[in-house]
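Here are the chains, one letter per residue:
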Amino acid sequence: MAPLLQVEASSKRFGGLLANRDVSLAIEPGEIVGLIGPNGAGKTTLFNCITGYMHPDEGRIVFDAGDITHTRPERICRLGVARTWQVVRAFGRMTALENVVCGALQRTNRIAEARARARELLDFTDLRGRDDAPAATLTLADKKRLEIARALATQPKLLLLDEAMSGLTPMEAAAAVQLVRRIHAELNVTICVVEHVMEVVMPLSHRVIVLDYGVKIADGTPEAIVRDEQVIRAYLGERRAAR
Ligand SMILES: Nc1ncnc2c1ncn2[C@@H]1O[C@H](COP(=O)(O)OP(=O)(O)O)[C@@H](O)[C@H]1O
Ligand SMILES: [Mg+2]
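Engineer: Explain the site of ligand 1 residue by residue, including any values.
Structural biologist: Around ligand 1, the surrounding shell consists of F14, L17, A19, P38, N39, G40, A41, G42, K43, T44, T45 and M54. G40 places a polar main-chain atom, nitrogen or oxygen, 2.8 Å from an oxygen atom of ligand 1. Calculation on ligand 1 without its partners gives an accessible area of 550 Å², and the protein chains cover 61% of this total. Within the residue set of the shell around ligand 1, elements represented by two or more residues are β2 (17-27) and α1 (43-50).

Here it is as structure tokens:
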């Protein structure tokens, strides 16, 4: 089977800083892939390049056998890639339902159909009863779920979750992990999750990719990753720097 997503030697530069350097990776249909790495490693930049929010300076990105390296975000969304944002970007003055309708309107022009789809997804993401709440009034955990619902409304084949569990209480994070598992199992969506907390990402992921200073330093099963010398050094290094 051909990979769903293939990143080939992608580099992204901000002035003198190489945020992604020669990054190559593949995501197979049906996988849950964890993307980890210390702060500033280039995880969000990689998501930005995959979703067309930014374009790599070098390299190639292929989704579903089509080159999307220089494709615009709306088109990439239509092709079947959806994402959430590390810093939530719900449309605050719109209701929860309206936020998800925005996603659904990527797939249909009929407002009644978009509303029905949005309601289903508010149910699916446990936001039942919050339909009419302005998004700005939701808790952080609910806002993060709302973003996931909006992303799902675009009917993605690949969902990129950028720290969907960070900033949550342990109970909220556990619920978010359950939601990711249900999206994978019930909606058949391939998922790549950026997550800082190892205890969350390891049991959830089939495979883990590690970035450090913009470079991919490891790619393997969670069991192999936790024993990888370079990965351990990257994380210990970060703790030392924080002190
Ligand atoms: N739009 C931008 N302009 C300039 N520098 C950026 C921009 N986005 C990210 N960076 C820098 O690129 C590096 C990687 O950032 P990022 O991809 O956000 O890392 P991560 O998500 O792994 O924490 C960091 O040093 C960050 O400051
Ligand atoms: Mg980030």
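Engineer: Can you lay out the side chain of D142 for me, pointing to particular residues and giving the numbers?
Structural biologist: Of note, D142 is situated in helix α5 (residues 140-153). Judged by relative accessible area, D142 falls into the buried class, the value being 5%. Within polar-contact distance, the side chain of D142 engages the side chain of R130 at 2.7 Å. Discounting chain neighbours no more than four positions away, the residues touching D142 are L127 and R130.

Engineer: Requested: an account of helix α4 (residues 111-124), with residues and values cited.
Structural biologist: The first and last C-alpha atoms of α4 sit 20 Å apart over 14 residues, in line with the 20 Å expected at 1.5 Å per residue. Of the residues one or two after α4, D126 is the one with positive phi, at around 60°.

Engineer: Any chance you could break down the domain arrangement of the chain for me, citing the residues and the numbers?
Structural biologist: Considered domain by domain, the chain is made up of domain 1 (5-80 + 157-242) and domain 2 (90-155). Distance from the C-alpha centre of domain 1 to the C-alpha centre of domain 2: 24 Å. Contacts between domain 1 and domain 2 engage 19 residues on the former and 14 residues on the latter. Buried area between domain 1 and domain 2, summed over both chains or domains, comes out near 1,400 Å², and the portion from carbon and sulfur atoms is 65%. Summed over the shared surface of domain 1 and domain 2, the number is zero salt bridges. Joining domain 1 to domain 2, the criterion identifies six residue pairs in polar contact (both at pLDDT 80 or more). Among the elements of the structure, α2 (73-79), β7 (158-162) and α6 (170-187) are those that each provide at least two residues to the side of domain 1 that touches domain 2. Looking at the side of domain 1 that touches domain 2, the element that brings in the most residues is α6, giving six residues. Split by residue class, the side of domain 1 that touches domain 2 holds nine nonpolar, three polar and seven charged.

Engineer: Give a description of the side chain of R145 that names residues and reports values.
Structural biologist: Among the structural elements, R145 can be located in helix α5. R145 gets classed as buried once you look at its relative accessible area, which sits at 18%. Residues in contact with R145, not counting those within four places in the same chain, are T125, D126, L127 and L179.

Engineer: Break down the coordination of the magnesium ion (ligand 2) for me, citing the residues and quoting the values.
Structural biologist: Surrounding the magnesium ion (ligand 2) are the protein donor atoms T44 (OG1) and Q86 (OE1), at 2.1 Å. In this pair, T44 sits in helix α1 while Q86 sits in the loop between β6 (81-83) and α3 (96-104), placing the two residues 42 residues apart along the sequence. Overall, the relative accessible area of 33% leaves Q86 in the partly exposed class.

Calculation notes
- Residues numbered from 1 in each chain as written.
- Chains lettered and ligands numbered in written order.
- Predicted model: local features only at pLDDT ≥ 70, side-chain atom pairs only at ≥ 80, totals over all residues.
- Heavy atoms only, no water.
- Near = heavy atom within 4 Å.
- Polar contact = N/O pair within 3.5 Å; in protein donor to acceptor, adjacent residues only side chain to side chain.
- Areas by Shrake-Rupley, 256 points an atom, 1.4 Å probe, with all protein chains shown as cover.
- Helix = DSSP H or I, 4+ residues; strand = E, 2+ residues; numbered from the N terminus.
- Buried < 20%, exposed > 50% of the residue type's maximum accessible area, 1.4 Å probe, protein only.
- Contact = heavy atoms within 4.5 Å.
- Expected span 1.5 Å × (residues − 1).
- Domains from an automatic or database assignment.
- Buried area = accessible area lost by both parts, 1.4 Å probe.
- Salt bridge = Lys/Arg side-chain N within 4 Å of Asp/Glu carboxyl O.
- Nonpolar A, V, L, I, M, F, W, Y, C, P; charged D, E, K, R; others polar.
- Donors = N, O, S within 2.8 Å, 3.2 Å for Na, K, Ca; no water.

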